[in-house]
Each structure stands twice: as C-alpha cells, then as structure tokens.
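Overview (structure and organization)
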Amino acid sequence: MAAAGDGPWLDDAAGRLVRPFTVSNGRTEPSIALDLMSQVMATGSTPLGYLGLEHGQALDLCRAPVSVAEVAAHLKLPAVVTKVLLSDLVDCGALTAKPPVFHHNPTDRSLLEAVLDGLRRQL
C-alpha cells in the first residue's frame, strides 16, 4: 500500500519500487563536479526535453539555495544518484551550482574538536 503523497514509487511493505540507479539510467558519474555541500538553486528557466519525476522533484526543492546533501535526503536517494540528477538540471540550464566556500580550514583540528563536542552535547 502506497503512503499518502508518495505515488506509485514507494510501498509501505516493500519500500522503493524503483531501484535508485534506474532513476539516473544507470549513470554514476555526474557531468559536473558537485560536492555534498555545493549549493544548487533553480534559475527559473524551463528545462527542455524529457525529465523524469525525480528531476521535477529536485527542481522543486531548489527554489531557494539548498545543498546537494539536503536534496538527496529529501528525495531519499543516494548522493551519487542525486548528483547525476542535479548535473542534468545544470546542463539544461534549470539549475545553477556553486561549490562550497570555506571560511575556515575544514580539517582544522580545533574546528573538528568543536563540532565533536557539540555533537556529544546533543547526545
């Protein structure tokens, strides 16, 4: 039985009825480099050609700047599949993508320790 709003692609007992890599036609390499923290945003241009259901869902999620990781989480798809979908949308001009900007060294030991301390306080 499908959950409300999920359409025919999800089933309460079986889960996703379509394998994730079917969504990207088996492709595992996006046409552009996207990091999980890259920001993507819709341009307002209508994509030309056929796009799948997941392409439309991803485009709807990108009305405001959002990270690739957030899109993957909302679509409940693996990150690599989401990157392929988003790169398709960038290629057809429907999305823009910006790499993450680090104001700090992301491997700085003190920064990583502060993040770890914050996570420990949450648990």
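Here is a short report on the structure shown in this document. (Residues numbered from 1 in each chain as written. Predicted model: local features only at pLDDT ≥ 70, side-chain atom pairs only at ≥ 80, totals over all residues. Heavy atoms only, no water.)

**Focus: the overall build of the protein**
Assigned secondary structure in the protein consists of five helices and five strands. For the protein, the α and β elements follow one another from N to C terminus as β-β-α-β-α-β-α-α-β-α. Taken across its 123 residues, the protein has 25% of its residues classed as buried. For the protein, the computed accessible surface area is about 8,200 Å², with 59% contributed by carbon and sulfur atoms. (Helix = DSSP H or I, 4+ residues; strand = E, 2+ residues; numbered from the N terminus. Buried < 20%, exposed > 50% of the residue type's maximum accessible area, 1.4 Å probe, protein only. Areas by Shrake-Rupley, 256 points an atom, 1.4 Å probe, with all protein chains shown as cover.)

**Structural notes on the environment of V90**
The topology assignment puts V90 in helix 4 (residues 79-91). The contact partners of V90, leaving out residues within four places of it in the chain, are I32, L95 and A97. (Contact = heavy atoms within 4.5 Å.)

**A closer look at a nonpolar patch on the surface**
Side chains of L111, V115 and L119 sit close together on the surface and give an oily, nonpolar patch of about 240 Å² of accessible area. Along the chain, L119 falls in helix 5 (residues 109-122). (Patch = residues over 30% accessible without salt bridge, like charges linked within 9 Å, V, L, I, M, F, W, Y side chains within 5 Å. Salt bridge = Lys/Arg side-chain N within 4 Å of Asp/Glu carboxyl O.)

**Some words on the nonpolar core**
Counting 16 residues, the largest nonpolar core has V40, C62, V71, L86, L89 and L95 as the members making the most contacts within it. At the level of elements, helix 2 (53-61), helix 3 (68-75) and helix 4 are the ones that each hand at least two residues to this core. If you tally residues by element for this core, the top one is helix 4, at four residues. Residue contacts for C62: discarding those within four places in its chain leaves V40, M41, A42, V71, L86 and L95. (Core = buried A, V, L, I, M, F, W, Y, C linked by side-chain atoms within 4.5 Å.)

**Re the side chain of H55**
Structurally, H55 can be placed in helix 2. Look past the residues within four positions of H55 in its chain and what remains in contact with it is L85, D88 and L89.

**Looking at the packing of helix 3 against helix 4**
At their nearest, the axes of helix 3 and helix 4 sit 9 Å apart, and the two run at 110° to each other. With respect to their mutual orientation, helix 3 and helix 4 come out roughly perpendicular. Mapping the contact onto sequence places V68, V71, A72 and L75 in helix 3 and A79, T82, K83, L85 and L86 in helix 4. Of the residues in the contact of helix 3 with helix 4, the class split is seven nonpolar, one polar and one charged. (Axes fitted to C-alpha atoms, helices over the stretch in contact; angles between N-to-C directions. Parallel < 35°, antiparallel > 145°, perpendicular 65-115°, else oblique. Nonpolar A, V, L, I, M, F, W, Y, C, P; charged D, E, K, R; others polar.)

**So, the sheet that holds strand 3 (residues 39-42)**
Strand order in the open sheet made by the three strands is 4-3-5, with antiparallel pairing throughout. Both outer strands of the open sheet, strand 4 (66-67) and strand 5 (95-98), are each paired with one neighbouring strand and no more. In the sheet, strand 3 pairs with strand 5 via four bridges, with the strands oriented antiparallel. Note on strand 5: the bridge partner recorded for A42 is L95. (Pairing = 2+ DSSP bridges.)

**Structural notes on unusual backbone geometry**
We note that K76 has phi near 55°; this positive angle belongs to a residue other than glycine. Note that K76 resides in the loop between helix 3 and helix 4.

**Some words on the side chain of S38**
Topologically, S38 is positioned in the loop between helix 1 (20-23) and strand 3. Among the polar contacts listed, one links the side chain of S38 to the backbone nitrogen of D35, at a separation of 2.8 Å. The contacts of S38, once residues within four sequence positions are left out, are V66, S67, V68, K98, P99 and P100. (Polar contact = N/O pair within 3.5 Å; in protein donor to acceptor, adjacent residues only side chain to side chain.)

Purely geometric stuff here, so don't read any function into it on its own.
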